[in-house]
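# Coordinate inspection notes
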Amino acid sequence: SLVRDILIAETQGDTHPPHWLGILLTSQIMQSVHPGFDGQMEYEVIDGQQRLTTLAIWVAALVHHAKEVEDRDIFPLSKMARLTVQESDRVYFDAVLNGKWRNAEFFNDREHPILKAYTYFRYLLWLGQDALLEEDPVHLPKFKKPDSMNSFEAQWQEHVDSKRGQNAPRGA
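Predicted model only: the values in this text are computed from it and were never measured.

Criteria and thresholds
Residues numbered from 1 in each chain as written. Predicted model: local features only at pLDDT ≥ 70, side-chain atom pairs only at ≥ 80, totals over all residues. Heavy atoms only, no water. pLDDT = per-residue confidence, 0-100. Helix = DSSP H or I, 4+ residues; strand = E, 2+ residues; numbered from the N terminus. Core = buried A, V, L, I, M, F, W, Y, C linked by side-chain atoms within 4.5 Å. Buried < 20%, exposed > 50% of the residue type's maximum accessible area, 1.4 Å probe, protein only. Contact = heavy atoms within 4.5 Å. Axes fitted to C-alpha atoms, helices over the stretch in contact; angles between N-to-C directions. Parallel < 35°, antiparallel > 145°, perpendicular 65-115°, else oblique. Left-handed = near helix turned anticlockwise from the far one by under 90°. Arc of directions from axis to C-beta. Expected span 1.5 Å × (residues − 1). Patch = residues over 30% accessible without salt bridge, like charges linked within 9 Å, V, L, I, M, F, W, Y side chains within 5 Å. Areas by Shrake-Rupley, 256 points an atom, 1.4 Å probe, with all protein chains shown as cover. Salt bridge = Lys/Arg side-chain N within 4 Å of Asp/Glu carboxyl O. Polar contact = N/O pair within 3.5 Å; in protein donor to acceptor, adjacent residues only side chain to side chain.

Further remarks concern the confidence of the model for the protein chain. In this model, the protein chain carries a mean pLDDT of 78, and residues with pLDDT of at least 70 account for 80%. The element-level mean pLDDT for the protein chain is lowest in helix α5 (residues 129-133), coming to 70, with helix α3 (residues 87-97) highest at 92.

Right, dumping it as structure tokens:
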């Protein structure tokens, strides 16, 4: 998996062959100039949209995890290149980038690919290096529909505090 390959590349350095992410095919749309910049090119991604979106979700998960666990900002997401996803995904992508993925309004859409990928990345980060290096996929825990007594935030925190994820089932 991408996450595993990134961790192996980072921990093993030059002893491991480089990871190939594939080709990103773009087409220049226009040049827009902003005050303080020489210019900024705008491109349309023709091939590689899913890889680029997945990388953006992974970066957001890393940044938010570092902020939550270590209370430090490792990278301002506002500095990341602006990525416009298709209209049907936009609200979920914005929720992920802005750290609103646990909001109750998104619970019924928890299976949406963007929310599911981000939740999965955050869960792997919480489980730590052993889970990141697993060859078999780690399954997400099941969450109950939030209500006034049992928010998604509280359920997530319960999993984090109880370390139940350490025995998360592996395999397809």
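Before going further, it helps to examine the nonpolar core. Judged by nonpolar contacts, the single largest core of 32 residues is most densely connected at Ile57, Val96, Tyr118, Leu132 and Trp156. With nine residues, helix α4 (residues 113-127) is the largest single contributor of residues to this core. If we skip the residues at most four places from it in the chain, Tyr118 touches Ile57, Ala60, Ala61, His64, Val96 and Trp101.

The next thing to look at is the side chain of His65. The residue His65 is located in helix α2 (residues 49-70) in this model. A relative accessible area of 16% means that His65 is categorised as buried.

Time to look at the packing of α3 against α4. Two elements in contact, α3 and α4, have axes separated by 8 Å at closest approach and are oriented at 20 degrees. The pairing of α3 with α4 is recorded here as roughly parallel in orientation. Our pair here, α3 against α4, has a crossing hand that is right-handed. Two secondary-structure elements touch here, α3 through Asp89, Tyr92, Phe93 and Val96 and α4 through Ile114, Leu115 and Tyr118.

Glancing now at α3. Listed in full, the buried residues belonging to α3 are Asp89, Tyr92, Phe93, Ala95 and Val96. Along the long axis of α3, the arc covered by the buried residues comes to 155 degrees, so they all point the same way. Where α3 is buried, its residues touch α2 and α4. A positive backbone phi angle near 70 degrees is found at Gly99, which sits one or two residues after α3.

Turning to α4, a few remarks are in order. Compared with the 21 Å implied by 1.5 Å per residue over 15 residues, the 21 Å span of α4 between its first and last C-alpha is a close match. Counting buried positions along α4 yields eleven of 15 residues, so the element is predominantly enclosed. Taken together, the buried positions of α4 are Ile114, Leu115, Tyr118, Thr119, Phe121, Arg122, Tyr123, Leu124, Leu125, Trp126 and Leu127. Count one or two residues on from α4 and you reach Gly128, which has phi positive near 100 degrees.

Here we come to a nonpolar patch on the surface. There is a patch of nonpolar side chains on the surface, built from Trp20, Ile23, Leu25 and Ile46 and spanning about 470 Å² of accessible area. A relative accessible area of 65% places Trp20 in the exposed class.

Among the secondary structure elements, Arg110 is positioned in the loop between α3 and α4. Each C-alpha atom of the pair Arg110 and Phe143 lies 9.5 Å from the other, and the pair is 33 residues apart in sequence. Side-chain polar atoms of Arg110 contact the backbone oxygen of Trp101, separated by 2.9 Å.

Attention now moves to the pattern of salt bridges. Across all of its chains, the model carries five salt bridges by this definition. With a shortest N-O distance of 2.9 Å, Glu111 and Lys116 are connected by a salt bridge.

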